[in-house]
Number of protein chains: 2
Amino acid sequence: MAAAQQQQLKLGILAGGGVLPGQLAARLEEQGREVFIAAFEDHAEAAVIAGFDHHWVRLGLAQQIIDILKQNNVGEVVMVGPVGRPSLRELKTDARFLKILTKAGLKAFRDDAFLSVIIAEFESEGFVVSSIGDYLNDHLAVIGQMGGISPPTGAQDDIDRGCAVLTQLSPSDVGQAIVVQEGVVLGIEAIEGTDNLIHRCGLLKRAGPGPVLIKLCKDGQSRRADLPTIGPETIRRAAAAGFSGIAVQANGCILVDRDMLVQQADQARLFICGIDGGANDRS
Amino acid sequence: MAAAQQQQLKLGILAGGGVLPGQLAARLEEQGREVFIAAFEDHAEAAVIAGFDHHWVRLGLAQQIIDILKQNNVGEVVMVGPVGRPSLRELKTDARFLKILTKAGLKAFRDDAFLSVIIAEFESEGFVVSSIGDYLNDHLAVIGQMGGISPPTGAQDDIDRGCAVLTQLSPSDVGQAIVVQEGVVLGIEAIEGTDNLIHRCGLLKRAGPGPVLIKLCKDGQSRRADLPTIGPETIRRAAAAGFSGIAVQANGCILVDRDMLVQQADQARLFICGIDGGANDRS
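## Thoughts on the overall build of chain A
Stage number 1. If you tally the helices and strands in chain A, you get 11 helices and 13 strands.
Stage number 2. Across the 283 residues in chain A, those meeting the buried criterion constitute 55%.
Stage number 3. A sequence separation of at least 24 residues applies to 73% of the contacts in chain A between residues at least 6 apart.
Stage number 4. Summed over its atoms, the accessible surface of chain A is roughly 11300 Å², and 50% of this surface lies on carbon and sulfur atoms.

Right under this line is the structure:
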């Protein structure tokens, strides 16, 4: 599909939770691009998408989602916002979704692998699949210290230790956040999510400089499907839990409203920095 | 030191938490071996060691521990029971402990590496350092199904997935327990301990067959310092959290009172099996 033709087609936002689907839609409309939101029931937030052309869809009804996007003249799609991992057992699925599941096989149980299969399925229908980073690049973490608070002595060792563990864990395609304090790994994220990870590590922390949250992309993570995200709640929780700061992968992590978030971190006396994810730093 | 000479010397138990120090002491006394327990304050349980010749010691006072063992004619030591990771900042330490810390360097922050340094220090003082598995081998997990409950369909896939992730994580020297349900990693253990891991994964589980707890030795884990352990509380929590069963590394995991524990698992309708840990299965 030629770029000119794409421009005439709408951009479809497959909307999960949080404020990002709305921010992306607003940004695109400012730029004169028409948007259409397919909002996942039980995941997308009604208030966030209310002002935009949208339709509620169910996660397991793949053919319906594809049909609705086509009927609404969508030529390019972006997946935005967390969807969580539904229990396949509880999900109402159509034949198309089951076909995707069959293609995915065991990969269906792994976040990124499954998302890659879904991306391929959209592409087979002629959609261009783009990354939120392409459109909200002022939300991406940049390298180095981002706020006014400098990391305390020893924080770099904790960041290095966290990166080393996450890099080893990366091929497993599980969560990619970790909390380290003075070299000790307090917690590793799996399905519980970063907010819960921060909370429990706050209860496990020791005397001394506060723990550091480190968040990287997974090895081979599709940037088109899912980027690690830090929002106001992350900062609030990390501060409440006595953390010293947050290190995220530069160009590989979304900071929702980056400038505002960095201000919030400054006020909470948290350092916030973007790091080179090394082997994980893929585009 | 000749074996005959060792036999005349006492066996020193460096006692952490739980009932195992007492069980080991009782077993040895039954066999006519004299024991002496150096019980770590804040870790060992007074009721467990009460009936045996013992002395309370503080973790950071290394020279005192060595002196007490020698004064009590100890020639061989076994470390038994969890000690937890003290904050070095809060620990009262003597010069000897600081020397060990200096030798350990950054390894001091990693469980097994630090324990290896401590073992070497004991050996440099002429002590033989043995493994609890040498004396309580009827507490070790054996290969295959250990109770009357068979793993449900799909449990083997969960066990394989868990082993694969733990094997990848293993060189990092963090926790070696994981919970998997239908291929989804619900939780990975770091410093919080297996009991907390089970509890939170119970809250995260989905419909369908219950999650499986998998517990392996770490790569290069010193069997003389620390073996993964499953006790009655593990079974109780796993049952309360709706797990389907537990898989542990055969010959690499202690089941406290194995026969009783397997009975308890049967009653709770949990399968319990010993697995070959593959690359992790070291002696």
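## Some words on helix 2 (residues 20–30) of chain A
Stage number 1. Taken as a whole, helix 2 of chain A has its buried residues at Leu20(A), Pro21(A), Gly22(A), Leu24(A), Ala25(A) and Leu28(A).
Stage number 2. Gly32(A) occupies a position one or two residues after helix 2 of chain A and carries a positive phi of about 85°.

## A word on the packing of helix 4 (residues 62–71) of chain A against helix 5 (residues 95–104) of chain A
Residue and element names in this part refer to chain A.
Stage number 1. Look at helix 4 against helix 5: their axes get within 5 Å of each other, and the N-to-C directions meet at 110°. One finds that helix 4 runs roughly perpendicular with respect to helix 5. Side by side, helix 4 and helix 5 meet where Ala62, Gln63 and Ile66 of the first sit next to Arg96, Phe97 and Ile100 of the second.
Stage number 2. Considered class by class, the residues forming the contact of helix 4 with helix 5 number four nonpolar, one polar and one charged.

## Here's the deal with the pattern of salt bridges
Residue and element names in this part refer to chain A.
Stage number 1. Tallied over the entire structure, the rule returns 26 salt bridges over all chains.
Stage number 2. The closest approach of N and O atoms between Arg58 and Glu41, which form a salt bridge, is 2.7 Å. Residue Arg58 is found in the loop between strand 3 (54–57) and helix 4, and its partner Glu41 is found in the loop between strand 2 (35–40) and helix 3 (46–49); the two are separated by 17 residues along the sequence.
Stage number 3. The class of Arg58 is partly exposed, set by a relative accessible area of 29%.
Stage number 4. Several salt bridges converge on common partners, so that one network encompasses Lys70, Arg96, Lys99, Glu121 and Glu125.

## A word on the pairing of strand 8 (residues 184–188) of chain A
All names here are of chain A.
Stage number 1. Most of strand 8 sits out of view: five of its five residues are buried.
Stage number 2. Bridge count between strand 7 (residues 177–181) and strand 8: four bridges; the pairing is antiparallel. Residue Val180 lies in a different strand from strand 8, and its bridge partner there is Val185.
Stage number 3. Connecting strand 7 to the next strand, strand 8, in antiparallel fashion are two residues, including Glu182 with a positive phi near 45°.

## Examining the packing of aromatic side chains
Residue and element names in this part refer to chain A.
Stage number 1. Applying the stated criterion across every chain yields a total of two aromatic pairs over all chains.
Stage number 2. Aromatic side chains Phe122 and Phe127 sit 5.7 Å apart centroid to centroid with 70° between the ring planes, which places their arrangement in the edge-to-face category. A single burial state applies to Phe122 and to Phe127, both of which are buried.

## Some thoughts on the environment of Arg223(A)
Stage number 1. Mapped onto the secondary structure, Arg223(A) falls in the loop between strand 9 (212–215) and strand 10 (229–230).
Stage number 2. Between the C-alpha atom of Arg223(A) and that of Ser116(A), which follows or precedes it by 107 residues, the distance is 9.9 Å.

## Section: the pairing of strand 11 (residues 245–249) of chain B
Residues and elements named next belong to chain B.
Stage number 1. For strand 11, the tally of buried residues reaches five of five residues, placing the bulk of the element in the interior.
Stage number 2. The two faces of strand 11 match: Gly245, Ala247 and Gln249 on one face and Ile246 and Val248 on the other face are all buried.
Stage number 3. Relative to strand 13 (residues 271–275), strand 11 is paired through five bridges, and the arrangement is parallel. Residue Ala247 lies in a different strand from strand 13, and its bridge partner there is Cys273.

## Section: the sheet that holds strand 5 (residues 128–130) of chain A
Residue and element names in this part refer to chain A.
Stage number 1. Strands sit in the order 3-2-1-4-5 across an open sheet of five strands; the sheet is parallel. A single partner strand is all that each edge strand has here, and the edge strands are strand 3 and strand 5. Strand-to-strand, the axes of this sheet are offset by a mean angle of 25°, without reference to chain direction.
Stage number 2. Relative to strand 2, strand 1 (residues 10–15) runs parallel, the two being bridged by five bridges. Within strand 2, the residue paired with Ile13 across the bridge is Ile37.
Stage number 3. Of the strands in this sheet, strand 1, strand 2 and strand 4 (74–80) are in contact with helix 2, which crosses strand 1 at around 170°.
Stage number 4. Taken strand by strand, helix 4 contacts strand 1, strand 2, strand 3 and strand 4, and its axis lies near 160° from that of strand 2.

## With respect to the sheet that holds strand 2 (residues 35–40) of chain B
Residue and element names in this part refer to chain B.
Stage number 1. The strand order across the open sheet formed by five strands is 3-2-1-4-5, and the pairing between neighbours is parallel. On the outer flanks of this sheet lie strand 3 (54–57) and strand 5 (128–130), each paired with one strand and no other. Strand-to-strand twist in this sheet, taken as the mean axis angle between neighbours without regard to direction, amounts to 25°.
Stage number 2. Each of strand 1 (10–15), strand 2 and strand 4 (74–80) touches helix 2 (residues 20–30); the most contacted strand, strand 1, lies at about 170° to it.
Stage number 3. Set on the sheet, helix 4 (residues 62–71) makes contact with strand 1, strand 2, strand 3 and strand 4; between it and strand 2 the angle comes to about 165°.

## A word on the side chain of Glu189(A)
Stage number 1. Within the secondary structure layout, Glu189(A) lies in the loop between strand 8 and helix 9 (194–204).
Stage number 2. Here Glu189(A) sits buried without a salt bridge, and the closest side chain of opposite charge, Lys215(A), lies 4.9 Å off (N-O distance).
Stage number 3. Among the polar contacts made by the side chain of Glu189(A), one reaches the side chain of Thr194(A) at a distance of 2.8 Å.
Stage number 4. Apart from the residues lying within four places of it in its own chain, the contact partners of Glu189(A) are Gly175(A), Ala177(A), Thr194(A), Leu197(A) and Ile188(B).

## Comments concerning helix 5 of chain A
Residue and element names in this part refer to chain A.
Stage number 1. Arg96, Phe97, Ile100, Leu101 and Ala104 are the residues of helix 5 that are buried. For helix 5, the angular spread of the buried residues around the axis is 145°, confining them to a single face. For helix 5, exposure combined with an orientation more than 90 degrees from the buried face picks out Ala95, Thr102 and Lys103.

## With respect to the side chain of Glu192(A)
Stage number 1. Note on placement: Glu192(A) falls in the loop between strand 8 and helix 9.
Stage number 2. Among the polar contacts listed, one links the side chain of Glu192(A) to the backbone nitrogen of Ala190(A), at a separation of 2.8 Å.
Stage number 3. Engagement of the side chain of Glu192(A) in a polar contact is seen with the side chain of Arg200(A), the distance being 2.5 Å.
Stage number 4. Leave out the neighbours within four places in its chain, and Glu192(A) touches Leu197(A), Arg200(A), Leu186(B), Arg200(B) and Leu204(B).

Quick notes on the rules
- Residues numbered from 1 in each chain as written.
- Chains lettered and ligands numbered in written order.
- Predicted model: local features only at pLDDT ≥ 70, side-chain atom pairs only at ≥ 80, totals over all residues.
- Heavy atoms only, no water.
- Helix = DSSP H or I, 4+ residues; strand = E, 2+ residues; numbered from the N terminus.
- Buried < 20%, exposed > 50% of the residue type's maximum accessible area, 1.4 Å probe, protein only.
- Contact = heavy atoms within 4.5 Å.
- Areas by Shrake-Rupley, 256 points an atom, 1.4 Å probe, with all protein chains shown as cover.
- Axes fitted to C-alpha atoms, helices over the stretch in contact; angles between N-to-C directions.
- Parallel < 35°, antiparallel > 145°, perpendicular 65-115°, else oblique.
- Nonpolar A, V, L, I, M, F, W, Y, C, P; charged D, E, K, R; others polar.
- Salt bridge = Lys/Arg side-chain N within 4 Å of Asp/Glu carboxyl O.
- Pairing = 2+ DSSP bridges.
- Phe/Tyr/Trp six-rings, centres within 6.5 Å; stacked < 30°, edge-to-face > 60°.
- Lys, Arg positive; Asp, Glu negative; His and termini not counted.
- Polar contact = N/O pair within 3.5 Å; in protein donor to acceptor, adjacent residues only side chain to side chain.
- Arc of directions from axis to C-beta.

The analysis is restricted to geometry; functional conclusions fall outside its scope.
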